[in-house]
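Tertiary structure, described
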Amino acid sequence: MITIGILAVQGAFIEHQYILEKLGVKTFEIRQLRDLKKGMDGLILPGGESTAMGKLLHDLGLFNPLKDLIKSGLPVLGTCAGMILLANKLTNDSHIHFQTMNIEVERNAYGRQLGSFFTNALFGDQEIPMTFIRAPYISKVGPGVEILSVVNDRIVAARENNQLATAFHPELTDSTYLHEYFLSIIKAR
Ligand code: GLN
């Protein structure tokens, strides 16, 4: 059985849990260092507020252990703020986090009017529902990064080996497609 750890220090983690349970996956919440002993086949970094999450990761001593796990190849899904945590570079923020993924990200990229919106768009060759909430977007990808979705000329999903990042919240829709795609990365390992 696949077990996935979900970072649960802040933000929208419970919705990921519901979707994964629907898919028959075991999950646990990562709130402190000792939770990492449980062992996982995959990691989810949810949406929320990346600056707050980054600070909590350091305060709780989770930052380096999680970064090492990601660098060693643990499959990780970062959604929205979680994508910001993975980015190598942020165009408009001095707080950089794990820097494990070769993407450049702009925070709060859609401005106030379009702060939040919903759309259906292609992820790979599958159309899926996407919920954007004060979302970032990927302004640049480096070598080895596969672009998986573009909405309004902006890159909103990408993958680099074990790392999958989306600007939108797949857990806030009734589609399980993106989580199933993440599970396929785990199973292929
Ligand atoms: N705007 C948030 C940030 O910059 C991300 C928004 C989200 O995760 N829904 O951290």
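Now for a quick tour of the structure. None of these values were measured; they are calculated from a predicted model.

From N to C terminus, the chain includes five helices and twelve strands. Over its C-alpha atoms the chain spans a radius of gyration of 15 Å, differing by no more than 12% from the 16 Å that the globule rule assigns to 189 residues. Overall size of the chain, expressed as C-alpha extent along the three principal axes, is 40 × 35 × 30 Å. With 189 residues in all, the chain has 56% of them scored as buried.

As a structural note, the neighbourhood of the ligand is formed by Gly47, Gly48, Glu49, Ser50, Cys80, Ala81, Ile84, Arg107, Asn108, Ile133, Arg134 and His169. Within the backbone of Arg134, one N or O atom sits 2.9 Å away from a nitrogen atom of the ligand. Notes on the ligand: free accessible area 300 Å², of which the protein chains cover 94%. One can see that the ligand is located within the largest pocket. Counted by class, the shell around the ligand contains four nonpolar, five polar and three charged residues.

Next up on the list: helix 3 (residues 63–71). Those residues of helix 3 lying buried are Phe63, Leu66, Lys67 and Ile70. When helix 3 is viewed along its axis, its buried side chains cluster within an angular range of 100° and face the same direction. Of the residues one or two after helix 3, Gly73 is the one with positive phi, at around 110°.

On to the environment of Asn92, then. With respect to the helices and strands, the residue Asn92 is situated in the loop between strand 5 (87–90) and strand 6 (101–106). Here the alpha-carbon distance between Asn92 and Asn108, two residues 16 residues apart in the chain, equals 9.2 Å. Here Asn92 is in contact with Val105, Glu106 and Arg107, once residues within four sequence places are set aside. Engagement of the side chain of Asn92 in a polar contact is seen with the backbone nitrogen of Arg107, the distance being 3.0 Å.

As paired elements, strand 10 (residues 146–151) and strand 11 (residues 154–160) share five bridges and run antiparallel to each other. Residue pairing for strand 11: Glu146 is matched across the bridge by Arg159. Remark: two residues form the turn of the hairpin made by strand 10 and strand 11, two consecutive strands paired antiparallel; Asn152 in that turn has positive phi of roughly 50°.

With that settled, consider empty space enclosed by the protein. If a probe the size of a water molecule is rolled over the atoms, the empty space left behind becomes visible. The tally for this structure, following the rule as stated, stands at one cavity of 30 Å³ or more. By volume, the largest cavity amounts to about 30 Å³. Surrounding the largest cavity, Ile128, Pro129, Phe168, Pro170, Thr173, Ser175, Tyr177 and Leu178 form its lining.

Taken as a whole, the largest pocket holds about 180 Å³ of empty space. Gly48, Glu49, Asn108, Ile133 and Arg134 are the residues nearest the centre of the largest pocket, which is lined by 13 residues in total. Here the lining of the largest pocket is built from residues that sort into five nonpolar, five polar and three charged.

Calculation notes
Residues numbered from 1 in each chain as written. Predicted model: local features only at pLDDT ≥ 70, side-chain atom pairs only at ≥ 80, totals over all residues. Heavy atoms only, no water. Helix = DSSP H or I, 4+ residues; strand = E, 2+ residues; numbered from the N terminus. Rg over C-alpha atoms; globule rule 2.2 N^0.38 Å. Buried < 20%, exposed > 50% of the residue type's maximum accessible area, 1.4 Å probe, protein only. Near = heavy atom within 4 Å. Polar contact = N/O pair within 3.5 Å; in protein donor to acceptor, adjacent residues only side chain to side chain. Areas by Shrake-Rupley, 256 points an atom, 1.4 Å probe, with all protein chains shown as cover. 1 Å grid on protein atoms, 1.4 Å probe; cavity = no way out; pocket = protein on both sides within 12 Å on 5 of 7 lines; lining within 4 Å. Sits in = over half its atoms within 2 Å of the grid points. Nonpolar A, V, L, I, M, F, W, Y, C, P; charged D, E, K, R; others polar. Arc of directions from axis to C-beta. Contact = heavy atoms within 4.5 Å. Pairing = 2+ DSSP bridges. Points joined across faces, edges and corners; volume = space filled by probe spheres on them.

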